[in-house]
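The chain contents come next:
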Amino acid sequence: MRTDLLCTPRLAQDASTSPSDAAELSNLGDLFLEMAMSEGDKVAFHFYHQNSFEKKITYGELNRRGQLLAAAIASRANPGSRILLCYTPGLEFIEAIVGCIYSGTIAVPVAVPHGLTGDAGFEPLRTIIADCSPSLVLGNVDRRWGQIEHLLQANPILSHHEVLENKYNECFEPHKASAGDLAFIQYTSGSTGDPKGVLISHANVLSNLQRIKFASETNSNSRLLSWLPHFHDFGLFCVLLHCVFARASAYLMAPMDFLKRPYRWMELVSELNITATAGPNFAFDLCARSWAKAKPKDVDLNGLRSVFCASEPISAETIQRFLKIFDEHGLAPQALKPGYGLAEATIFGTTHLSNKASEHPQEIEYLKKGLGCNEQISCGKPLMGDQIKIVDPATMRELPHGQIGELWFSGPGVGLGYWNKERLSEEVFRAKLADGNGLEFLRTGDSAYIDENDGNLYLCGRLKDIIIIQGSNFYPSDIEAVLLTSCDRLKPGSICVIPVQGKWGEQAMAIAEVSTTNAPALMDAGAAMMRSVQDTFGIELQDILFVRPGILARTTSGKLRRKKILEDVVSDNFDIWLSYRNNIQQTYI
């Protein structure tokens, strides 16, 4: 076994070569080794702790710690084994990723159960463990090992801190992976059913990083800021691995630090001269609302070149409010890049470019009147030869621009399938057009259309979520957006519209989390919400259920679990405060 790699990494190419082109790299191990050689003294990641970013790690230290972890992993698991990564926010998680890559094992990032009583918080973890049968668990949550060990039964557990303290083989030779080898099993959020493990190869990741770097215009001088969960594909690929691929530096925060003071997001962008950041729609809404209330000090956002918005439906109202507030602080409208992605494509699907070379950059518009009743945000276009098609799911034939159908995607970022679900993988990952040339596509399950004029992608909702009322299709997300604007007691993500069987067939019901039990106030809110849906869509909600905050089932990344919520309603598993039905009040409190 070689003993010189800890201090002098062996590279597949000259150390001065830039990793800007994924074709130059055959695996992620080469990327980390190259960065240790060429940028060893550069700080790769800073972590926000006790109101400062004093915790940090250089690319050289990241390589050294990754090799220590890899040696410990390799002593217990063979290449190709699944390694469950159970980490609280911090720098240790990215060290563990390097350890898995160097040992040739497959990283399976998971959320750490927290904030829940009893056994309920371990349900997602139990599902994942049963599905992928990990050979080993690695993490920094020592106080919870007892509960996790019970789920694992005979499978061993490694403490991150004990490995580094004991200094397993300090001269470990990294495993040389092939481009097609698995690097991750990335579990879906479970918003439309049980989480499924997406098989992600080294080549999948590298192709995605190339597109993310191109779209965000990052380089070795870039400074990234993120509070996104590290186990989620948005945080893992768009921030952590993107930072390494771009030779940049990143400033990381725990999600809870953002949620406590959302306005600090843009304050830190200014204080740290951040050039790129990202978040889902709700984050932009929270930031804008808290900014208006807190009235923080002036900030300068002129240096912010890229702000990705993706991971959940994007609200036109939210984007307009965010841009209006921060335009006066120097945020360029073209820096905000709404996009579309999903775990099955690693993360990246479509986005907007800044169009800095455009003759009329001021004419860039994300907002337009959609085919439905609401204004919609464009998610841009695919990059670098990736393809999207809008398909009739019944005939498997491509639809012309301007018509709504199922979104299909093709590109090198598309994963290899679902773990242990070959039949479903064949249906979802290897679909072919009935009138096509044999090219395989990923069926996203999302309903969308491509605009006839600008060629951009516009999302409508999930095909499985469509509610058919008297022969017309309605998307829950559209109805939820209207309801949010009708009542100031509601917050983004606090309301869910589901299908129910009514007297004349399928109808829609809304469940809303509210913080008040005042019956007259809720009656007024119910009346306003009913009117807004009638005026906008010409339909009547069968019922509006007001419930306490936190009762709606959510995924680890905060998305509504619509299937579970529907099951809870059917089984009467809700503590309902008040039901508003056609001006009839039924109080349960």
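No experiment lies behind these values; they were computed from the predicted model shown.

Student: Even after reading the chapter, I still don't get the overall build of the chain, so can you show me in this structure?
Tutor: Of regular secondary structure, the chain possesses 16 helices and 28 strands. Considering the chain as a whole, with its 589 residues, one finds that 58% of them fall into the buried category. Per element, the accessible surface of the chain, about 24,700 Å² overall, is 47% carbon and sulfur.

Student: Quick question: what am I supposed to make of the nonpolar core here?
Tutor: Grouped burial of nonpolar side chains is what soluble globular proteins tend to show. In terms of nonpolar packing, the biggest core is built from 124 residues, with Phe-45 and Phe-184 touching the most fellow members. Dropping the residues within four chain positions of it, Phe-45 is found in contact with Lys-55, Lys-56, Ile-57, Leu-62, Leu-91, Ile-94, Leu-240, Cys-243, Val-244, Ala-250 and Leu-252. Residues Ile-469, Phe-474, Val-497 and Ala-525 belong to the second largest nonpolar core, which totals 30 residues.

Student: Looking at this structure, how should I read the pairing of strand S12 (residues 306-309)?
Tutor: Looking along a regular strand, one sees the side chains alternate between the two faces of the sheet. Burial along S12 is two-sided: the face carrying Ser-306 and Phe-308 and the face carrying Val-307 and Cys-309 are both buried. As judged from the 4 bridges shared by strand S11 (residues 276-279) and S12, these two strands associate in the parallel manner. Paired with Ala-278 across the strands is Phe-308, a residue of S12. The handedness of the S11 to S12 crossover, carried by helix H11 (residues 281-294), is right-handed. Note that S12 and strand S13 (residues 336-340) share 3 bridges and pair parallel. Of the residues in S13, the one forming a bridge with Val-307 is Leu-336.

Student: For this particular structure, what's the right way to read a negative patch on the surface?
Tutor: Side chains of Asp-298, Asp-300, Asp-327 and Glu-328 sit close together on the surface and give a patch of like negative charge. Secondary-structure assignment places Asp-298 in the loop between H11 and S12.

Student: It is not clear to me how the packing of helix H2 (residues 59-74) against helix H3 (residues 92-103) should be interpreted in this structure. Could you clarify?
Tutor: Axis angle and axis distance: for two packed helices, these are the angle between their axes and the distance between the axes, and together they describe the pair. Two elements in contact, H2 and H3, have axes separated by 7 Å at closest approach and are oriented at 55°. Taken together, the axes of H2 and H3 are oblique relative to one another. For the element pair H2 and H3, the recorded crossing hand is right-handed. Packed against H2, whose contacting residues are Leu-62, Asn-63, Arg-65, Gly-66, Gln-67, Leu-69, Ala-70, Ile-73 and Ala-74, the element H3 presents Ile-94, Glu-95, Ala-96, Val-98, Gly-99, Cys-100, Tyr-102 and Ser-103 at the interface. Looking at the contact of H2 with H3 residue by residue, the classes come out as 10 nonpolar, 5 polar and 2 charged.

Student: Can you walk me through the sheet that holds S11 in this structure?
Tutor: Two strands in a sheet stick together by hydrogen bonds in their backbones, pointing the same way (parallel) or opposite ways (antiparallel). Strand order in the open sheet formed by 8 strands is S2-S1-S10-S9-S11-S12-S13-S14, with mixed pairing between adjacent strands. The open sheet is flanked by strand S2 (52-58) and strand S14 (350-351), the only strands paired with a single partner. Both strand S1 (residues 43-49) and strand S10 (residues 249-252) contribute to a ladder of 3 bridges, which runs parallel. The partner of Phe-45 across the bridge, within S10, is Ala-250.

Student: Honestly, the pattern of salt bridges in this entry has me stumped. Any pointers?
Tutor: It is possible for side chains bearing opposite charge to pair when their charged atoms get close. Tallying each qualifying case throughout the model produces 24 salt bridges. Here Lys-337 makes a salt bridge to Glu-217, at a shortest N to O gap of 3.7 Å. Placement of the pair is Lys-337 in strand S13 and Glu-217 in the loop between helix H7 (202-216) and strand S9 (223-226), with a sequence separation of 120 residues. In terms of burial, Lys-337 and Glu-217 fall into one category: buried. Arg-430 is paired through a salt bridge with Glu-426; the nearest N and O atoms lie 2.9 Å apart.

Student: How do you make sense of H3 when you look at a structure like this?
Tutor: Quick reminder: α-helices carry 3.6 residues per turn. Residues three or four places apart thus point the same way. Under the 1.5 Å per step criterion, the end-to-end length of H3 is 16 Å for 12 residues, consistent within 8% with the ideal 16 Å. Burial analysis of H3 places 12 of its 12 residues in the buried class, which makes it a mostly covered element. All of the buried residues in H3 are Glu-92, Phe-93, Ile-94, Glu-95, Ala-96, Ile-97, Val-98, Gly-99, Cys-100, Ile-101, Tyr-102 and Ser-103. After H3 finishes, the residue Gly-104 shows a positive phi value of roughly 75°.

Student: Hey, could you run me through unusual backbone geometry in this one?
Tutor: Glycine aside, negative phi is the norm for most residues, and most peptide bonds take the trans geometry. Although it is not a glycine, Glu-217 adopts a positive phi angle of roughly 60°. Even without being a glycine, Thr-346 presents a positive backbone phi close to 75°. Along the chain, Thr-346 turns up in the loop between S13 and S14.

Student: Explanation requested: the side chain of His-329 in the structure shown.
Tutor: Structurally, the position occupied by His-329 is in the loop between helix H12 (316-327) and S13. Excluding residues that lie within four positions of it along the chain, His-329 makes contacts with Trp-291, Asp-298, Val-299, Asp-300, Leu-301 and Asn-302.

Student: Explain helix H16 (residues 562-570) here, please?
Tutor: Along H16, the residues classified as buried are Arg-562, Ile-565, Asp-568 and Val-569. Viewed along the axis of H16, the buried residues span an arc of 120°, placing them on a single side of the element. Once H16 finishes, Asp-572 follows within two positions and takes phi at roughly 60°, a positive value.

Student: Please clarify how the sheet that holds strand S17 (residues 387-392) should be interpreted in this entry.
Tutor: Judged by pairing direction, the sheet is antiparallel, and its 5 strands sit side by side in the order S18-S17-S19-S20-S21 without closing on themselves. Looking along the sheet, the strands with just one partner apiece sit at the ends: strand S18 (397-398) and strand S21 (457-462).

Student: Got a minute to help me understand the packing of aromatic side chains in this structure?
Tutor: Remark: the centre distance and the inter-plane angle together describe each pair of aromatic rings, the angle taken between the planes. Evaluated as defined, the whole model comprises 16 aromatic pairs. Taking 5.0 Å as the distance between ring centres and 55° as the angle between the ring planes, the aromatic pair formed by Tyr-48 and Phe-53 counts as tilted. Assigned by exposure class, Tyr-48 and Phe-53 land together as buried. Seen in terms of ring centroids, Trp-227 and Trp-265 are 6.1 Å apart; in terms of plane orientation they differ by 90°. Their pairing is edge-to-face. Here Trp-227 is found in the loop between S9 and helix H8 (233-245), whereas its partner Trp-265 is found in helix H10 (residues 264-271), with 38 residues between them in sequence. Classification of Trp-227 by relative accessible area gives buried; the value is 3%. Using a relative accessible area of 1% as the deciding quantity, one classes Trp-265 as buried.

Student: Can you walk me through the confidence of the model for the chain in this structure?
Tutor: Do not read the predicted coordinates in detail wherever pLDDT is low. Averaged over every residue, the pLDDT of the chain is 85; the share at 70 or more is 86%. Taken as a whole, residues 369-373 scores under 50 in pLDDT and shows 9 contacts with residues more than four places along the chain or in a different chain.

Cut-offs used in this document
Residues numbered from 1 in each chain as written. Predicted model: local features only at pLDDT ≥ 70, side-chain atom pairs only at ≥ 80, totals over all residues. Heavy atoms only, no water. Helix = DSSP H or I, 4+ residues; strand = E, 2+ residues; numbered from the N terminus. Buried < 20%, exposed > 50% of the residue type's maximum accessible area, 1.4 Å probe, protein only. Areas by Shrake-Rupley, 256 points an atom, 1.4 Å probe, with all protein chains shown as cover. Core = buried A, V, L, I, M, F, W, Y, C linked by side-chain atoms within 4.5 Å. Contact = heavy atoms within 4.5 Å. Pairing = 2+ DSSP bridges. Right-handed = clockwise from strand over helix to strand, strands pointing away. Patch = residues over 30% accessible without salt bridge, like charges linked within 9 Å, V, L, I, M, F, W, Y side chains within 5 Å. Salt bridge = Lys/Arg side-chain N within 4 Å of Asp/Glu carboxyl O. Lys, Arg positive; Asp, Glu negative; His and termini not counted. Charge placed at Lys NZ, Arg CZ, Asp CG, Glu CD. Axes fitted to C-alpha atoms, helices over the stretch in contact; angles between N-to-C directions. Parallel < 35°, antiparallel > 145°, perpendicular 65-115°, else oblique. Left-handed = near helix turned anticlockwise from the far one by under 90°. Nonpolar A, V, L, I, M, F, W, Y, C, P; charged D, E, K, R; others polar. Expected span 1.5 Å × (residues − 1). Arc of directions from axis to C-beta. Phe/Tyr/Trp six-rings, centres within 6.5 Å; stacked < 30°, edge-to-face > 60°. pLDDT = per-residue confidence, 0-100.

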